[in-house]
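# Examination of the molecular architecture
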Amino acid sequence: MSARRARSTRDKVRQRQRALYRAAKASPTRRFHALYDKMSRADVLTKAWREVKANAGSAGVDGQTIEQIEQHGVEVLLIELATELREGRYRPQAVRRVRIPKPDGSQRGLGRPSVRDRVCQAAAKAVLGPIFEADFRDRSYGFRPKRSAHQAGEQLRQVVNRGANWIVELDIEAFYDRIDHELLIKLIEKRVCDRRVLKLLRQWRKAGVLDGGELLPSDQGVPQGGVISSVLANVVLHELDRLWEDRCSQLGQLIRYADDAVLLCRTEAQAQEALWRVGVILTRLKLTLHPTKTQVVYVGDGRQGFDFLGFHCHKVESWKYRGRRYLQSWPGRRAMQRIRDRIKLLPLLGISCRNPLDQSWPKSTRHCGTGAPTSAWATPAASSTRLTNTSTNGWRCSSARRRDGGVARYSATTGRTIRN
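All values reported here derive from a predicted model rather than from experimental measurement.

### Re the overall build of the protein
A tally of regular secondary structure across the protein gives 14 helices and 15 strands. Buried positions account for 47% of the 420 residues belonging to the protein. Considering only residue pairs separated by 6 or more positions, the protein has 65% of its internal contacts joining residues 24 or more positions apart. When the accessible surface of the protein is totalled, it reaches about 21,600 Å², and 48% of it is carbon and sulfur.

Now the structure itself:
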């Protein structure tokens, strides 16, 4: 495909997405029909294929990889999918379950659909995404266009520095595995009335899971790894955002990134009341809070901190304004341990990298917000060898330089400022 044709395809799809977004924004109660035919359009499927290819990923239950599809011809696959969708012959395959280790020693199950199913899901996401995006609230940052985890962290820093020192850490227990299918369809039906689209979503939810050679039924939950799962998860938790903003916002501010969320309150009473109300809302959504990971933390005196989106957040006394504390953030212990483990693997893989944080690391672990009065991004002051053998105390803050030329370092274990 030529570059000019690719740009033309993107422009056409974006124009239709903007039209859907504007229509949904103008009429919050409108229910959209005639969406199914847009999913089978050649330009939409071509855009969906490019996204699936860019995300790479392994094969599904059919064993067909992206490279094999490219060898046989991408156009052949897209024509077959378009024909099956138009004629109603498309049937999704089961999802292959892959287990990855978690930092606490347990395993997380990820669902890996086949490549052809991922293309269809990407096409559905391109059509349905703009409609629900018009409804999502401003304090939701996960898996949304032009929003990131760093924006959520910056909003968190600003609110805490304005006096919201009581933090409610919310952890939804097994969120992706416990999403109720009927509740999900009811929430989608508030905006979509196309019966063929709703039928397709039900087929994806009930396609089954292949776990260790055994085909298991999928009565609830969405595969954490499916292309459209992020949109469906946001549709469910949008109810939490909506009810909180409309009825409970006087208690504090909710900041959410997918299923990771925190509540920022000014008093302990507000924090306890907010925790109870969130539990009631999640019960209506047939979800529960994790009994041990959900907690209330006071950060005003700098003795306690909390983790959010891979960063450890702690209030540290300012070197310039004595007696004042400002929220700082640096990579959490688990994130740092993952970095150390990857650094140790580089020589074994024959990779020479002087600064792996800048070249081969995800962006979410390259920066840490300082949260000082003149905020800046922190950079690792130590080399990869020092980073491997030391703790997170080696992270230096570029905005915390003293007048005498020294540099203030922040301890992740004590939360105190160390001056050189």
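### Notes on the side chain of His 290
Among the structural elements, His 290 can be located in the loop between helix H11 (268–284) and strand S8 (295–298). Engagement of the side chain of His 290 in a polar contact is seen with the backbone nitrogen of Lys 293, the distance being 3.3 Å. Filtering out sequence-adjacent residues up to four positions away, His 290 remains in contact with Asp 171 and Glu 173.

### Let's talk about the nonpolar core
Grouped burial of nonpolar side chains is what soluble globular proteins tend to show. Core analysis: the biggest nonpolar cluster contains 78 residues, and Leu 35, Trp 49, Phe 175 and Ile 188 have the highest contact counts within it. The dominant element in this core, judged by the number of residues it contributes, is helix H6 (residues 115–133), at 11 residues. Apart from residues lying up to four places away in sequence, Ile 188 is in contact with Phe 132, Leu 198, Leu 201, Leu 232 and Val 235. Counting residues in hydrophobic clusters, the runner-up holds 16 residues, among them Tyr 141, Val 159, Ala 164 and Val 262.

### Quick look at the packing of helix H3 (residues 42–55) against H6
A pair of packed helices is characterised by two quantities: the angle between their axes and the separation of those axes. It is the contact of H3 with H6, at a shortest axis distance of 8 Å, that shows an interaxial angle of 120°. Compared by their axis directions, H3 and H6 come out oblique. The hand of the H3/H6 crossing is right-handed. Between H3, through Val 44, Leu 45, Ala 48, Trp 49, Glu 51 and Val 52, and H6, the contact on the second element is made entirely by Val 115, Arg 118, Val 119, Ala 122, Ala 123, Ala 126 and Val 127. For the contact of H3 with H6, the residue count by class is 11 nonpolar, no polar and two charged.

### Here we look at a positive patch on the surface
A surface patch of positive charge is lined by Arg 14, Arg 18, Arg 22 and Lys 146. Within the secondary structure, Arg 14 sits in helix H1 (residues 3–26).

### Quick word on helix H9 (residues 195–205)
Along H9, the residues classified as buried are Val 197, Leu 198, Leu 200, Leu 201, Gln 203, Trp 204 and Arg 205. Close packing links the buried residues of H9 with helix H2 (36–39), H6, helix H8 (181–189) and helix H10 (229–248). Capping the start of H9 is the job of one residue whose side-chain oxygen sits 3.0 Å from the backbone nitrogen of Arg 196: Asp 194.

### Digging into the environment of Ala 123
Secondary-structure assignment places Ala 123 in helix H6. Taking relative accessible area as the criterion, Ala 123 reaches 0% and is therefore assigned buried. Sequence separation between Ala 123 and Ser 40 is 83 residues, and the spatial gap between their C-alpha atoms is 7.8 Å. Here Ala 123 is in contact with Met 39, Val 44, Leu 45 and Ala 48, once residues within four sequence places are set aside.

### What about unusual backbone geometry?
For Ala 174, which is not glycine, the phi dihedral falls at a positive 45°. Its location among the elements puts Ala 174 in the loop between strand S3 (166–171) and H8. The exposure class of Ala 174 is partly exposed, given its relative accessible area of 34%. Of note in the backbone geometry, Lys 286 takes a positive phi value of approximately 60° without being a glycine. Mapping Lys 286 onto the fold places it in the loop between H11 and S8.

Parameters and conventions
Residues numbered from 1 in each chain as written. Predicted model: local features only at pLDDT ≥ 70, side-chain atom pairs only at ≥ 80, totals over all residues. Heavy atoms only, no water. Helix = DSSP H or I, 4+ residues; strand = E, 2+ residues; numbered from the N terminus. Buried < 20%, exposed > 50% of the residue type's maximum accessible area, 1.4 Å probe, protein only. Contact = heavy atoms within 4.5 Å. Areas by Shrake-Rupley, 256 points an atom, 1.4 Å probe, with all protein chains shown as cover. Polar contact = N/O pair within 3.5 Å; in protein donor to acceptor, adjacent residues only side chain to side chain. Core = buried A, V, L, I, M, F, W, Y, C linked by side-chain atoms within 4.5 Å. Axes fitted to C-alpha atoms, helices over the stretch in contact; angles between N-to-C directions. Parallel < 35°, antiparallel > 145°, perpendicular 65-115°, else oblique. Left-handed = near helix turned anticlockwise from the far one by under 90°. Nonpolar A, V, L, I, M, F, W, Y, C, P; charged D, E, K, R; others polar. Patch = residues over 30% accessible without salt bridge, like charges linked within 9 Å, V, L, I, M, F, W, Y side chains within 5 Å. Salt bridge = Lys/Arg side-chain N within 4 Å of Asp/Glu carboxyl O. Lys, Arg positive; Asp, Glu negative; His and termini not counted. Charge placed at Lys NZ, Arg CZ, Asp CG, Glu CD.

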